[in-house]
Amino acid sequence: MKRITLSFLFAILFMAVKAEGQKIGFIYDGQPVSDDTTFVFDAVADMWSLGKLQCSTGSLAVKNYSESDAAATFSISQDGSNTLGTEPEVCLGGSCRNITLPYSGSFTAHVSNTALLEYKLFPQTYGSLKSRFTISALGESHTIYILFRNQDPTGVKRIDAAQRLSTVYDLQGHLLLENAAPSQLEGLKSGIYVVRSAEGAVRKVIKK
């Protein structure tokens, strides 16, 4: 059966094609991301830690478009207050660490593969954290913004009858429905499910 990891991007406010001649940059799902893009990640249940919530950047990555590997640096700073009750973690270039903002580090941007950027946080309270993330290499610097939010400490949303659904999983990650409409949920037992919309947003929902 197909499985998913419950650490997904909830909304991308703006994306664009790679600038002509650009040597390095952020990508999401293999597509270039323009400078100053804001990504919004809502807290969802962490599949591997029962009862914990997680905000995570999912498939966000850094790509080197040049013809040789390059030394790169990154910096993360806080844009406003952190009201989530804990500090974030970052994994980039194969190295993971707990951090306190502001933070900076380095990695090698390889030509042969992209560097997965996993930035995550396990919220302890209601609130949000907006971070400014900058990478620099090959004479270029590029910045995006990452907004983590915990608006519902249960991580559970009610199903909107008007919502178009795409894929439904149980809490163990088993695929139950694919290309599903809300009316198809009537055949499911009462309980909590994980739903990925046609736009790629993933959330826990409850069926009464």
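Before reading on, note that the structure itself is shown above.
From a predicted model like this one, the values you see are computed outputs, not experimental measurements.

### Examining the nonpolar core
Link 1 in the chain: Counting 32 residues, the largest nonpolar core has Val-62, Tyr-119 and Phe-133 as the members making the most contacts within it.
Link 2 in the chain: Excluding anything up to four places from it in sequence, Val-62 contacts Ile-24, Gly-25, Phe-26, Leu-92, Phe-107, Thr-114, Ala-115, Leu-117 and Ile-135.
Link 3 in the chain: Ranked by size, the runner-up nonpolar core spans seven residues in total, among them Val-168, Ala-180, Val-195 and Val-205.

### Focus on the pattern of salt bridges
Pairing of side chains with opposite charge becomes possible as their charged atoms draw close.
Link 1 in the chain: Under the defined criterion, the tally for this structure stands at three salt bridges.
Link 2 in the chain: Lys-130 is paired through a salt bridge with Asp-79; the nearest N and O atoms lie 4.0 Å apart. Taken as a pair, Lys-130 in strand 13 (residues 127–137) and Asp-79 in the loop between strand 8 (70–78) and strand 9 (89–92) lie far apart in primary sequence, 51 residues in all.
Link 3 in the chain: Its relative accessible area of 37% is what places Asp-79 among the partly exposed residues.
Link 4 in the chain: Put simply, Glu-118 and Lys-120 hold a salt bridge, and the shortest N to O gap is 3.8 Å.

### Some details on the state of the cysteines
Link 1 in the chain: Evaluated as defined, the whole model comprises one disulfide.
Link 2 in the chain: Between Cys-91 and Cys-96 runs a disulfide, and the two sulfur atoms are separated by 2.2 Å. Between Cys-91 and Cys-96, the disulfide has an S-S torsion of 120° and is therefore right-handed.
Link 3 in the chain: What makes Cys-91 buried here is its relative accessible area of 10%.

### So, the packing of aromatic side chains
Link 1 in the chain: A full pass over the atoms with the stated rule returns nine aromatic pairs.
Link 2 in the chain: Plain terms: the ring middles of Phe-26 and Phe-133 are 6.2 Å apart, the flat faces sit at 90° to each other, and that makes the pair edge-to-face. Of the two residues, Phe-26 sits in strand 2 (residues 24–28) while Phe-133 sits in strand 13, which places them 107 residues apart along the sequence.
Link 3 in the chain: With relative accessibility at 2%, the residue Phe-26 sits in the buried group.
Link 4 in the chain: Using a relative accessible area of 0% as the deciding quantity, one classes Phe-133 as buried.
Link 5 in the chain: For the ring pair Tyr-119 and Phe-133, a centre distance of 5.9 Å and an interplane angle of 80° mean the geometry is edge-to-face. One end of the pair, Tyr-119, is in strand 12 (residues 115–121); the other, Phe-133, is in strand 13, with 14 residues separating them in the sequence.
Link 6 in the chain: You can call Tyr-119 buried: its relative accessible area is 0%.

### Looking at unusual backbone geometry
Link 1 in the chain: Looking along the chain, the bond that leaves Leu-101 and enters Pro-102 is cis, with omega of 0°.
Link 2 in the chain: Summarising the element assignment, Pro-102 is placed in the loop between strand 10 (95–98) and strand 11 (103–109).
Link 3 in the chain: Of note, the phi angle at Asp-36 is positive, near 70°, even though the residue is not glycine.
Link 4 in the chain: Although it is not a glycine, Leu-138 sits at a positive phi angle of roughly 55°.
Link 5 in the chain: Here Leu-138 is to be found in the loop between strand 13 and strand 14 (140–150).

The rules behind each value
Residues numbered from 1 in each chain as written. Predicted model: local features only at pLDDT ≥ 70, side-chain atom pairs only at ≥ 80, totals over all residues. Heavy atoms only, no water. Core = buried A, V, L, I, M, F, W, Y, C linked by side-chain atoms within 4.5 Å. Buried < 20%, exposed > 50% of the residue type's maximum accessible area, 1.4 Å probe, protein only. Contact = heavy atoms within 4.5 Å. Salt bridge = Lys/Arg side-chain N within 4 Å of Asp/Glu carboxyl O. Helix = DSSP H or I, 4+ residues; strand = E, 2+ residues; numbered from the N terminus. Disulfide = S-S within 2.5 Å. Phe/Tyr/Trp six-rings, centres within 6.5 Å; stacked < 30°, edge-to-face > 60°.

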